[in-house]
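# Residue-level structure breakdown
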Amino acid sequence: MVEPTPTISGTAVCGFILMNIILRKYGFFRYFCKRFFPIFERQQALSNMKKYIMLDINTIEHLDKIATPFYYYDMELFQKTVDHVAELAQQHEIKVHYAIKANVERRLLEYISSKGFGADCVSGNEVLHAHSCGFPAGKIVYAGVGKSDKEIYDAMMLGIEAFNCESLQEIFVINEMAHLHGVKANISVRINPDIDAHTHKYVTTGLYENKFGISNHEFDKLIEFLQKSEHINFFGLHFHIGSQITRVNEVFSLECKRVNEIVRYFESKGLTVKNINLGGGLGVDYDDPDGSPVADFETWFNAISSNIIRRKDQSVHVEPGRSLVAQCASLISRVLFVKSGETKNFLIMDAGMNDLIRPALYGAYHKIENLSAAQRSFFPTYQAYDIVGPVCESSDVWGAGRLLPLSVRGDLMAIRSTGAYGQVMASRYNMKDLAPTVFSDRLEEAPQAVDYFDLSTRVQ
Ligand code: LLP
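A brief report on the enclosed structure follows. It should be emphasised that the depicted structure is a prediction, and the values quoted were computed from it without experimental measurement. (Residues numbered from 1 in each chain as written. Predicted model: local features only at pLDDT ≥ 70, side-chain atom pairs only at ≥ 80, totals over all residues.)

## Some points on the site of the ligand
Surveying the vicinity of the ligand reveals 19 residues, the closest of which are Ser-243, Gly-280, Gly-321, Arg-322 and Tyr-421. When the residues that make up the shell around the ligand are grouped by side-chain class, the tally is 7 nonpolar, 8 polar and 4 charged. (Near = placed C-beta within 6 Å. Nonpolar A, V, L, I, M, F, W, Y, C, P; charged D, E, K, R; others polar.)

## What about unusual backbone geometry?
Cis geometry marks the peptide bond from Thr-68 to Pro-69; its omega dihedral reads -10°. Along the chain, the position of Pro-69 falls in the loop between helix H3 (57-63) and strand S1 (70-73). The phi torsion at Glu-93 lies on the positive side, around 50°, for a residue other than glycine. Among the secondary structure elements, Glu-93 is positioned in the loop between helix H4 (75-92) and strand S2 (95-99). (Helix = DSSP H or I, 4+ residues; strand = E, 2+ residues; numbered from the N terminus.)

## Considering the environment of Pro-320
Looking at the element boundaries, Pro-320 is found in the loop between strand S9 (315-318) and helix H12 (322-325). When the 24 C-beta atoms within 10 Å are taken as the criterion, Pro-320 is described as buried. Expressed as a C-alpha distance, the spacing of Pro-320 and Gly-279, which sit 41 residues apart in the sequence, is 7.1 Å. (Buried ≥ 20, exposed ≤ 12 C-beta atoms within 10 Å, placed from the backbone.)

## Concerning helix H8 (residues 168-180)
Here H8 spans 19 Å end to end across 13 residues, near enough to the 18 Å set by a 1.5 Å rise per residue. Listed in full, the buried residues belonging to H8 are Glu-170, Ile-171, Ile-174 and Ala-178. The arc that holds every buried residue of H8, seen down its axis, measures 100°, which confines them to one face. Seen from the open side of H8, the exposed residues pointing more than 90 degrees away from its buried face are Gln-169, Glu-176 and Leu-180. Tucked inside the fold, the buried residues of H8 contact helix H7 (149-158), strand S5 (162-165), strand S6 (185-190), helix H9 (219-228) and strand S7 (232-238). Just past H8, the residue Gly-182 takes up positive phi, approximately 65°. (Expected span 1.5 Å × (residues − 1). Arc of directions from axis to C-beta. Contact = placed C-beta atoms within 7 Å.)

Below, the structure is given as structure tokens:
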């Protein structure tokens, strides 16, 4: 006799779905989800820094109660990243100066300074802020093409580790000012190594003629001045070739080789290069923040260790900004309206280019997730949306033609990897309020959402 082939009847499927919906309320479903679908549980894989679900289901439930938009910081990820870098830096004997321009949040700075890192600053206020967040003056370096006299004076009086000078004219002014005030100022000279960082044209800085740094044709004049000037101590050479560099081994190995040649040239002229500062620039994975929660510091430090030529008495510095802080934060926003056009559907969000200008300014990509949809359905239908902000500018677009689960008014959205160059570049354009900071370990302090109009009615 032929056995009948087992079939799953429609009733059984409906029953299963119904059961799931019911059990979801009571926990079994959640257990099942946590077990098999990572978004429902933060994977404890931080020890090897592989996969890390920042916005797990429990977190989303908390975030849903907070007034949007806001910047959400995962403090666990942030601290693990900093600890990881501190450990690697020690192994490789590389000194880390955090480029505070990426994020000036006091709590982050206090943690970074507590790990013994220095600070790389680009304005007088950054110098003072870094100092007030625990960075000793002797571990603060100050770069920037246009330092005002007041900024130079304040930093000089604070006794910072070094001015990273970007032009001969600036060195002349520092020398004169040090003379006037009877001090000696430490300076490093920022050199253009003429290297293509293979990154966005707005964040590449190491090419030959650039507003940053000093190029070959001025070397001899510079060296002559440094040899005879009495009011400055020559500390070393500074390089920074660009930001969001993803061809890590290739680009940084090349940088080191070029730096070796330049150091050799300066030393052959009788100057001692005590410090070699290689700048920042390590890229992060904007496409897959959960898959690459921590930037590839290992490859970066290995590229440096195996390519830089250094004596025992020479220190090597790096200045990561983005790579330390980008992945630990998301800009959390809500869908205000779902607007259906003739050919497009728009999701209009309550966060705009005033909160995060990177997409409008550089066309930068940030992953966008619908957090509410992830809770609503397991197998959602997807649709292409143009996701836009509320600001009166056509460039206020988060992403065009993004495929997202069907989204409705009130949905909570995450714009990922926004810890670097997010809040620091925010503005009050259109008189919008600045999006506040919410820390994962201080959720109770976050401003609660007020339901002015019942969003749960999910008006389409
Ligand atoms: N050192 C110097 C001298 C720098 O100019 C910079 C960044 C850094 C270090 C840190 O670079 P990072 O490790 O963050 O790549 N607003 C742009 C990024 C501008 C970077 C400016 N300089 C963005 O949103 O992509």
